[in-house]
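# Chain and residue survey
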Amino acid sequence: MKRNTRGLSSWLRFFLLAGTLAVLLFAGGCNVSKDDGKKTRDLEFNVVGDSDVPAELKQIISEKTLQPFKLTFNDEQNLYIVVGYGPQSTGGYSIAVKELYLTENSIVIDTELLGPEKGENPAPETSYPYIVVKTENLENPVIFQ
């Protein structure tokens, strides 16, 4: 007795096609809007001195200063954004926060390493400049520029 496999394979193709279409429609319908990178608002922030950095964050920073690094740290109330520029041949460096703002889906920070000013006599020892910025505790990912 012969089986009619043609009808079975047609149904199988139909269900596979319908399933694929359903997945595509569902994925397209649940798509989170893409972040266009446009600023929605500036974020208020403070540059935190060493004495005000949480102990756990201080430990993390001390382990990373030998290389350039970027990290975030949350406590219950605040978001800390840290940017380290690795070893510099002398002292006298500072770091400026050019921008810190919120987009639809992220936080953007742009910092700049500033060298010793002309005429300044910086310490001859290697320095490891970094900045700790404290802002409101948001769940958005941070984009470092």
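Higher on the page you've got the structure.
Below you will find a few notes about this structure. Quantities reported herein were computed from a predicted structural model and do not represent experimental measurements. What you see as residue numbers is a count from 1 along each chain, following the sequence as written. Selection of residues for local features in this predicted model requires a pLDDT of at least 70, selection of side-chain atom pairs for listing and counting requires 80 or more, and totals for whole chains, interfaces and linings are taken over all residues. No hydrogens and no water enter the side-chain calculation; it runs on all heavy atoms of the structure.

### Side note on the sheet that holds strand β1 (residues 41-42)
The following threshold applies: A strand pair is defined by DSSP finding two or more bridges across the two strands. Helix and strand labels come from DSSP, where a helix needs a run of H or I of at least four residues and a strand needs a run of E of at least two; each type is numbered from the N terminus.
Here we have 4 strands laid out as an open sheet, ordered β1-β5-β6-β8, and mixed in their pairing. Only two strands of the sheet have a single partner each, and these edge strands are β1 and β8 (142-144). As paired elements, β1 and strand β5 (residues 94-102) share 2 bridges and run antiparallel to each other. Each bridged residue has a counterpart across the sheet, and for R41 the counterpart in β5 is L102.

### Some thoughts on the packing of aromatic side chains
Each aromatic ring pair is characterised by the separation of its centres together with the angle its planes make. Note the threshold: A pair of aromatic rings is counted whenever rings of Phe, Tyr or Trp (Trp by its six-membered ring) have centres within 6.5 Å, and the orientation is called stacked for planes under 30 degrees apart, edge-to-face for over 60 and tilted otherwise. Ring-over charges, as used throughout, are those where CZ of Arg or NZ of Lys falls within 6 Å of the ring centre and within 35 degrees of the ring normal.
Applying the stated rule across the entire model yields 1 aromatic pair. Ring geometry for F73 against Y80: centres 6.1 Å apart, planes inclined by 55°, an arrangement best described as tilted. Here the guanidinium or amino end of K39 rests over the ring plane of Y101, the centre of that ring lying 5.3 Å away.

### Points about the sheet that holds strand β7 (residues 130-136)
Here is the rule we go by: Structural elements are reduced to axes, namely lines fitted to C-alpha atoms, with helices fitted over the stretch in contact, and the angle between N-to-C directions of any two is expressed from 0 to 180 degrees. The criterion used for residue contact is that any of the two residues' heavy atoms lie within 4.5 Å.
Pairing within the open sheet is antiparallel, and its 4 strands lie in the order β2-β7-β4-β3. The sheet is open, and its two borders are formed by β2 (45-47) and β3 (68-74), each paired with just one other strand. Between one strand and the next, the sheet's axes are offset by a mean angle of 20°, whatever the strand orientation. One ladder, built from 3 bridges, connects β2 with β7; its direction is antiparallel. Residue pairing in the sheet places F45 in a bridge with T135 of β7. Most of the contacts of helix α2 (residues 55-64) go to β3, to which it runs at about 165°, and overall it touches β3, β4 (78-85) and β7.

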